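So the chains spell out like this:
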Amino acid sequence: SGTEIGQLAFAWANIETSGSSSIADSFNVSSVTEQNTDHFSLAFANAAGNANWAIAIDVEKNTKSFTNVHTTSGFDLRTDNHLSDENFSFIVFGDS
């Protein structure tokens, strides 16, 4: 009973890792910095309201991946395998 009100994504992106990493397509993501082939730093174009947001990630390779350094301005993604030409995508839900 009643109307459910959902929240749209705060940010999302598809990241290409071949050569120098780049943003293939995105919303509210301003940059990707490849620290090395298993460590990427992502920055939001507009800051989140807090650092308590949720994220889902898809990596086009059989690898373990995790995020750390959650802040209002972005996060770091790390994998246990080097990404040389596999894309990864993510979507973030949280307060803006």
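That block above? That's the structure.
In this text the structure is predicted, and so the values were computed from the model without any measurement.

Draft legend 1. A look at the packing of aromatic side chains. With the rule as written, the count across this model stands at 6 aromatic pairs. Taking 5.5 Å as the distance between ring centres and 80° as the angle between the ring planes, the aromatic pair formed by Phe-44 and Trp-53 counts as edge-to-face. A relative accessible area of 6% means that Trp-53 is categorised as buried. Among the aromatic residues, ring-to-ring pairing joins Phe-10, Phe-44, Trp-53, Phe-75 and Phe-90 into one connected group.

Draft legend 2. Spotlight on the environment of Ala-54. With respect to the helices and strands, the residue Ala-54 is situated in strand E5 (residues 54-59). Counting along the chain gives 21 residues from Ala-54 to Thr-33, while the straight-line C-alpha distance between them is 21 Å.

Draft legend 3. Layout of the side chain of Thr-17. Inspection of the secondary structure puts Thr-17 in the loop between strand E1 (11-16) and strand E2 (22-27). With relative accessibility at 1%, the residue Thr-17 sits in the buried group. Polar contacts involving the side chain of Thr-17 include one to the main-chain carbonyl oxygen of Glu-86, which spans 2.5 Å. Leaving out residues up to four positions away in the same chain, Thr-17 has contacts with Glu-34, Phe-40, Leu-83, Ser-84, Asp-85, Glu-86, Asn-87 and Phe-88.

Draft legend 4. Just the sheet that holds strand E6 (residues 65-68), in detail. Strand order across the open sheet formed by 4 strands is E3-E4-E7-E6, with antiparallel pairing between neighbours. On the outer flanks of this sheet lie strand E3 (29-36) and E6, each paired with one strand and no other. Within this sheet the neighbouring strands show an average axis-to-axis angle of 20°, counted without direction. Relative to strand E4 (residues 39-44), E3 is paired through 6 bridges, and the arrangement is antiparallel. Of the residues in E4, the one forming a bridge with Thr-33 is Ser-41.

Draft legend 5. A look at a nonpolar patch on the surface. Taken together, Trp-12, Phe-27, Ile-91 and Phe-93 make up a surface patch of nonpolar side chains, about 340 Å² in accessible area. For Ile-91, the position within the fold is in strand E8 (residues 88-93). Judged by its relative accessible area of 30%, Ile-91 falls in the partly exposed class.

Rules and cut-offs
Residues numbered from 1 in each chain as written. Predicted model: local features only at pLDDT ≥ 70, side-chain atom pairs only at ≥ 80, totals over all residues. Heavy atoms only, no water. Phe/Tyr/Trp six-rings, centres within 6.5 Å; stacked < 30°, edge-to-face > 60°. Buried < 20%, exposed > 50% of the residue type's maximum accessible area, 1.4 Å probe, protein only. Helix = DSSP H or I, 4+ residues; strand = E, 2+ residues; numbered from the N terminus. Polar contact = N/O pair within 3.5 Å; in protein donor to acceptor, adjacent residues only side chain to side chain. Contact = heavy atoms within 4.5 Å. Pairing = 2+ DSSP bridges. Axes fitted to C-alpha atoms, helices over the stretch in contact; angles between N-to-C directions. Patch = residues over 30% accessible without salt bridge, like charges linked within 9 Å, V, L, I, M, F, W, Y side chains within 5 Å. Areas by Shrake-Rupley, 256 points an atom, 1.4 Å probe, with all protein chains shown as cover. Salt bridge = Lys/Arg side-chain N within 4 Å of Asp/Glu carboxyl O.

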